Amino acid sequence: LPLGQWIALTGPSGSGKTTLAFDVLHRESQQRYLGALSAKALQTLGKLGSTGVASIRNLPVSVATGLGALTASPRSTVGTLVGLADLLRLLFAREAVYPAEPLLSRSHFSFNRDRGACRRCRGLGVEDQVHPPLLVADATKTIRGGALKSTLANGYTVYSQVTVDVLDLVCRAHDFDVDTPWEDLTPAQHDVIFYGSRRLTVPFGKHSIESRMRWVGITARPREEGHYLGLIPVIEQTLKRDRNANILRFVRTIPCTACDGARLGPIGRHARIGAVTLPTLLALPTATLGAALDALPQSAVLSALRPALDARLRRMVQLSLSHLSLDRPSASLSGGEGQRVRLAAQVIGGLGGMLVVLDE
């Protein structure tokens, strides 16, 4: 391999270009590097498999940027991937002012730390909200007849916690019933189904006492009683335990109502350098971030961090990533953007003498 040069692998589709680049050259480089590590490290990293190589000369340590190379973690952003978020957190920990907190730390400005994360969304920047219209399958039908998406063939409505006949008792306490078409019910009557009622106490469970008495070998116990809770509160409680695909049918994901998507707690959101907060900087396109840093009150800490900040910004501009903001979730990036962000993270690290393997 000629060192210090671009090497292009060309050929028709299916001729093995990607296989040669990634499964042979990159993997062989990994194996040679890992072979120099301790036996314990090799056990941790696992086996990469054979490349079937007879001879390769001038093969440096390699890093690869392919279509599957970018993490899609909900806790990963452009800023965390390229290291700019870490530098800005350090700057704010040393220079920001927050009246109620005289001593700030970097963890106050990290949404991946308990101290810094918004308590409501736990640092994700979004929250799940049950959207009532998503619960309705056919407004022309009755509740007993399947107006709601979570109603089973036997009439039981999942998440209601009561049989359809018990639910009818709740409805009648509010002057309607489960045999009236959904579209003929008032918004207030819809809210009884969605949010519950405290007008009467009802037995919980999806099986009637008659069916429970018919079960062989089982002694029917008195059912727990209480107020009908409503579909939405039960779904919300279930969501906290398990965000499964079945329940997400009824959910819309929106920016967190506590932090407005900033992911940070009150200190991280409101601590300021001059008049500027960290979320304000993270929301700027990379192309304008340098000018925003110029406008900050100058300090020894900022001067010490500027070379590293500017080097990362320059690489992102060179890789046509200047339109991205640092708070952009990695999962929202296109395939090309994701590969270039990963490449930016690799070349920003300052390592030299590597073989960088790129896919198209």
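Calculation criteria
Residues numbered from 1 in each chain as written. Predicted model: local features only at pLDDT ≥ 70, side-chain atom pairs only at ≥ 80, totals over all residues. Heavy atoms only, no water. Helix = DSSP H or I, 4+ residues; strand = E, 2+ residues; numbered from the N terminus. Buried < 20%, exposed > 50% of the residue type's maximum accessible area, 1.4 Å probe, protein only. Salt bridge = Lys/Arg side-chain N within 4 Å of Asp/Glu carboxyl O.

(A) A look at unusual backbone geometry. Of note in this structure, D175 is not a glycine but carries a positive phi near 65°. Examined against the element boundaries, D175 turns out to sit in the loop between α5 (164-172) and α6 (187-195). Backbone geometry at D260 places phi at a positive 60°, although glycine is not the residue there. Tracing the sequence through the fold places D260 in the loop between β5 (251-255) and α10 (266-270). By relative accessible area, D260 is classed as exposed at 67%.

(B) Examining the pattern of salt bridges more closely. Applying the stated criterion to the full structure yields ten salt bridges. Across the salt bridge formed by E28 and R32, the nearest N and O atoms sit 3.1 Å from each other. Placement of the pair is E28 and R32 together in helix α1 (residues 17-34), with a separation of four residues, close to one helical turn. For E28, a relative accessible area of 12% translates into the label buried. The class for R32 is partly exposed, based on a relative accessible area of 39%. Of the charged contacts, one joins R306 and D294 as a salt bridge, the two residues approaching to 2.9 Å between their closest N and O atoms. One end of the pair, R306, is in helix α13 (residues 300-318); the other, D294, is in helix α12 (residues 286-294), and twelve residues separate them in sequence. Salt bridges sharing partners connect three or more residues here, namely R144, D165 and D179.

Everything listed here is a matter of geometry and, on its own, says nothing about what the molecule does.
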